[in-house]
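An overview of the molecular structure
The chain contents come next:
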Amino acid sequence: RERLFQQDPDLLRAARKIADWLADPAFADAYVPPYKKPRALIVGGFVRDSVLGLHPKDLDLEVYGLEPETLRFILECLFGAERINAVGASFGILKVALGDGRDLDVSIPRRESKSGKGHRGFTVSGDPSMPVTEAARRRDFTMNALAADPLTGEIIDPFGGIGDLRTGQLRVTDPERFQDDPLRVYRAVQFVARMGLEIEPRSQALMREMVERGDLEELAEERIAEEWKKLLLKAPRPSLGLEALRDLGIIERS
């Protein structure tokens, strides 16, 4: 909790600004089933890095209990319409420009299901009534399925991500959903190199199965290149990633 509140004050201030609005009783009491009282949670890498004592530069905020149009209206009221980038509005994703090149990504919970080949072969649908645990299930690894309340600092850890960080393990959150995007295997490799993690045995077996099945061959070269950049430029020990590539059988299929 202390580490969370020691992060970039401007990002945290913006997240709290939204959470405060949603927590106002006059606003929250206006909502009825199927929606619960609106709530905003910090999700993903910002929480993970805070737990590790790192200093993330980006913050993702997931807002529950609101339709995308209502969320956009609130953001425009709080920050001004000129600061809202609606490029992902069809999926319930909005960017708030905070200045100095920093953005706050705000979204509603969503489902992603495989509908075809490639990174565009997904059906994405927002669901403001989705439970927090279900929303976290689509995350690739347990350490990325963490969430935090920007007002209280409470950490929500539905899949044991903090325990995995403490033991240095990289564990798949949901084996079935993990396979929807084969790029996640390359993400595993660069996380191994950047954070000195070991892939948990069952997760490693799943990734090897995906490699042997040829799933990674559908990936666009530019997407793979982005993960290679992170591996080579951000990792203190890129050799760990290369070892993971070998252990997963990726090198021998290249």
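Summarised in this report is the structure supplied together with it. Everything numeric in this text was worked out from a predicted model, so none of it was measured.

So, how was this worked out
Residues numbered from 1 in each chain as written. Predicted model: local features only at pLDDT ≥ 70, side-chain atom pairs only at ≥ 80, totals over all residues. Heavy atoms only, no water. Helix = DSSP H or I, 4+ residues; strand = E, 2+ residues; numbered from the N terminus. Polar contact = N/O pair within 3.5 Å; in protein donor to acceptor, adjacent residues only side chain to side chain. Contact = heavy atoms within 4.5 Å. Axes fitted to C-alpha atoms, helices over the stretch in contact; angles between N-to-C directions. Parallel < 35°, antiparallel > 145°, perpendicular 65-115°, else oblique. Nonpolar A, V, L, I, M, F, W, Y, C, P; charged D, E, K, R; others polar. Phe/Tyr/Trp six-rings, centres within 6.5 Å; stacked < 30°, edge-to-face > 60°. Buried < 20%, exposed > 50% of the residue type's maximum accessible area, 1.4 Å probe, protein only. Pairing = 2+ DSSP bridges. Salt bridge = Lys/Arg side-chain N within 4 Å of Asp/Glu carboxyl O.

This part covers the side chain of aspartate 215. Tracing the backbone through its elements, the reader meets aspartate 215 in the loop between α10 (201-213) and α11 (221-234). Polar contacts involving the side chain of aspartate 215 include one to the side chain of arginine 213, which spans 2.5 Å. Excluding residues that lie within four positions of it along the chain, aspartate 215 makes contacts with Pro182 and Met210.

Below, the discussion takes up the packing of helix α9 (residues 183-195) against α11. Closest axis-to-axis distance for the α9/α11 pair is 9 Å, and the angle between their directions is 5°. In terms of orientation, α9 lies roughly parallel with respect to α11. Contacts between α9 and α11 involve Leu183, Tyr186, Arg187, Val189, Gln190, Ala193 and Arg194 from the former and Arg223, Ile224, Glu227, Trp228, Lys230, Leu231 and Lys234 from the latter. Looking at the contact of α9 with α11, its residues break down into seven nonpolar, one polar and six charged.

This part covers the packing of aromatic side chains. In this structure the tally under the stated criterion is two aromatic pairs. On the basis of an interplanar angle of 90° and a centroid distance of 6.0 Å, the ring pair of phenylalanine 141 and phenylalanine 191 is categorised as edge-to-face. With phenylalanine 141 in the loop between α6 (132-136) and β8 (147-148) and phenylalanine 191 in helix α9, this residue pair connects regions lying 50 residues apart in the sequence. With respect to class, phenylalanine 141 is no different from phenylalanine 191; both count as buried. Aromatic ring contacts, followed pair by pair, group Phe141, Phe178 and Phe191 into a single cluster.

Before going further, it helps to examine the sheet that holds strand β2 (residues 59-64). Reading across the sheet, the seven strands line up as β3-β4-β5-β2-β1-β8-β9 and stay open at both edges, with mixed pairing between neighbours. Where the open sheet ends on each side, the last strands, each with one partner, are β3 (84-88) and β9 (155-156). By the bridge criterion, two bridges tie strand β1 (residues 39-43) to β8 in an arrangement that is antiparallel. In the strand pairing of β8, isoleucine 42 is matched with alanine 148. Taken strand by strand, helix α5 (residues 68-79) contacts β2, β3, β4 (93-99) and β5 (102-107), and its axis lies near 10° from that of β4.

With that settled, the discussion passes to the pairing of β2. Most of β2 is tucked away: five of the six residues are buried. Looking at chain direction, β1 and β2 are connected through five bridges and run antiparallel. Paired with alanine 40 across the strands is valine 63, a residue of β2. Inspection of the sheet shows β2 paired to β5 by four bridges, in the parallel sense. Its bridge partner lying in β5, glutamate 62 is registered against serine 107.

The next subject is the pattern of salt bridges. Considering all chains together, one arrives at 26 salt bridges under this definition. One salt bridge in this structure joins glutamate 76 and arginine 72, with 3.2 Å as the shortest N-O distance. Residue glutamate 76 and its partner arginine 72 are both found in helix α5; the two are separated by four residues, about one turn of the helix. A salt bridge links arginine 171 to glutamate 200, with the shortest nitrogen-to-oxygen separation between them at 3.6 Å. Placement of arginine 171 in the loop between β10 (169-170) and α8 (175-178) and of glutamate 200 in the loop between β11 (198-199) and α10 is noted, with a sequence separation of 29 residues between them. A relative accessible area of 8% places glutamate 200 in the buried class. Bridged by salt links that share partners, the residues Asp8, Asp10, Arg13, Asp100 and Arg102 form one connected network.

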